[in-house]
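Secondary and tertiary structure notes
Below are the chains, spelled out letter by letter.
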Amino acid sequence: IGMGTNSKIMLEFAQKPWLQAGAVAASAQLYTDLPSMNFWEATRSQAGTNGILVNFTGGAAGAAVDSSTANNRSLVDLSQVYPSLAGNLVSSFNANWSKNPHSLGSYHCLKVGQFQQFNGAQATAELSGQLLFAGEACDPDFGGFMEGAYRSGITAANTILTARNLPNFVANGAVVRRFAQPA
């Protein structure tokens, strides 16, 4: 199974020129053919003068993000759209899931040919049903999304309830009932 190579570069600025009258992207969304690809505002409708733009990258550009070069590329591209941002960077943070040893990528994605080979088998129980799997990679219809994690968690929970012939059970003092899959 392959992994997505998305990265996020969060840039805090001392001002929000993207919200000023006549700005290129007053909606705080910016899609571009520049190497940085796209940005959105993470501080929309929040009080204060500081604003955070998130640069979302993918592919080879996303996999290559590191703390020594990410800000430079994003700032060069942003300065072409908002020249007044130059020199107004307050702080930044980079998240590259491809370089995180615990995730190795931003989400799962099937490689060429894998959809036909085994899509839908990712959540198959093992060890005579004693080992169940759940997570974004385990739902054939919503793989790579939170919806997939949610749905596969419901399936695993219901499998446990069925195996134990329980309509509901108590966990940490709370009654847990059989879950319904969302429509």
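This text goes with the structure placed above it.
Summarised in this report is the structure supplied together with it. Because the structure is a prediction, the values reported are computed rather than measured. (Residues numbered from 1 in each chain as written. Predicted model: local features only at pLDDT ≥ 70, side-chain atom pairs only at ≥ 80, totals over all residues. Heavy atoms only, no water.)

**Observations concerning the packing of aromatic side chains**
The way to describe two aromatic rings as a pair is by their centre distance and the angle between their planes. Scanning all chains against the criterion turns up one aromatic pair. Between Trp40 and Phe56 the ring centres are 5.7 Å apart and the planes differ by 50 degrees, which places this aromatic pair in the tilted class. Here Trp40 is found in strand S4 (residues 38-41), whereas its partner Phe56 is found in strand S5 (residues 51-57), with 16 residues between them in sequence. Taking relative accessible area as the criterion, Phe56 reaches 26% and is therefore assigned partly exposed. (Phe/Tyr/Trp six-rings, centres within 6.5 Å; stacked < 30°, edge-to-face > 60°. Helix = DSSP H or I, 4+ residues; strand = E, 2+ residues; numbered from the N terminus. Buried < 20%, exposed > 50% of the residue type's maximum accessible area, 1.4 Å probe, protein only.)

**Quick word on the environment of Leu78**
Mapped onto the fold, Leu78 is located in helix H2 (residues 70-81). In this structure Leu78 comes out as buried when scored by relative accessible area, which is 1%. Taking the C-alpha atoms as reference, Leu78 lies 9.1 Å from Leu34; in sequence the two are 44 residues apart.

**A closer look at the sheet that holds strand S3 (residues 29-31)**
Pairing in this open sheet of five strands is antiparallel, and the strands run S3-S4-S5-S2-S6 from one edge to the other. The open sheet has two edge strands with one neighbour each: S3 and strand S6 (89-96). On average, each strand axis in the sheet is tilted by 15 degrees relative to the strand beside it, whichever way the strands run. Examined bridge by bridge, S3 and S4 share three bridges and lie antiparallel to one another. (Pairing = 2+ DSSP bridges. Axes fitted to C-alpha atoms, helices over the stretch in contact; angles between N-to-C directions.)

**Remarks on the environment of Ser92**
Take Ser92: it is sitting in strand S6. Looking at Ser92, the relative accessible area reads 35%, which means it is partly exposed. In the structure, Ser92 is positioned 38 residues away from Val54 in sequence and 9.6 Å away in space, judged by C-alpha atoms. Non-local contacts of Ser92, meaning those with residues more than four positions away in its chain, are made with Met10, Leu11 and Asn71. (Contact = heavy atoms within 4.5 Å.)

**Brief notes about the pairing of strand S2 (residues 7-13)**
Residues Ser7, Ile9, Leu11 and Phe13 point to one face of S2 and are all buried, whereas Lys8, Met10 and Glu12, pointing to the other face, are not buried. The sheet contact formed by S2 and S6 spans seven bridges and is antiparallel. When the sheet's bridge partners are listed, Phe13 is paired in S6 with Leu89.

**What about the pattern of salt bridges?**
Within this structure, the stated rule accounts for three salt bridges. Linking Glu41 and Lys16 is a salt bridge whose minimum nitrogen-to-oxygen distance equals 3.7 Å. Taken together, the residues Glu41 in strand S4 and Lys16 in the loop between S2 and S3 connect sequence positions 25 residues apart. The shortest N-O distance in the salt bridge between Arg151 and Glu147 comes to 2.8 Å. Highlighted residues: Arg151 and Glu147, both in helix H4 (residues 146-163), separated by four residues, approximately one helical turn. For Glu147, a relative accessible area of 30% gives the class partly exposed. (Salt bridge = Lys/Arg side-chain N within 4 Å of Asp/Glu carboxyl O.)

**A look at unusual backbone geometry**
Apart from glycine, the bulk of residues carry a negative phi angle, and the bulk of peptide bonds sit in the trans form. Positive phi outside glycine occurs at Leu127, with the angle close to 55 degrees. By the secondary structure assignment, Leu127 is in the loop between helix H3 (114-118) and H4. Of note, the phi angle at Ser128 is positive, near 55 degrees, even though the residue is not glycine.

**Points about the side chain of Gln114**
Looking at where Gln114 falls in the secondary structure, it is placed in helix H3. Residue classification places Gln114 among the buried residues on the basis of a relative accessible area of 11%.

**Considerations on the layout of surface pockets**
One simple way to see leftover space: roll a probe sized like a water molecule over the atoms. Here the largest pocket defines a volume of roughly 190 Å³. The wall of the largest pocket is formed by Ser106, Tyr107, His108, Cys109, Glu136, Gly143, Gly144, Phe145 and Met146. Its residues placed into classes, the lining of the largest pocket shows four nonpolar, four polar and one charged. When its volume is computed, the second largest pocket comes out at roughly 150 Å³. (1 Å grid on protein atoms, 1.4 Å probe; cavity = no way out; pocket = protein on both sides within 12 Å on 5 of 7 lines; lining within 4 Å. Points joined across faces, edges and corners; volume = space filled by probe spheres on them. Nonpolar A, V, L, I, M, F, W, Y, C, P; charged D, E, K, R; others polar.)

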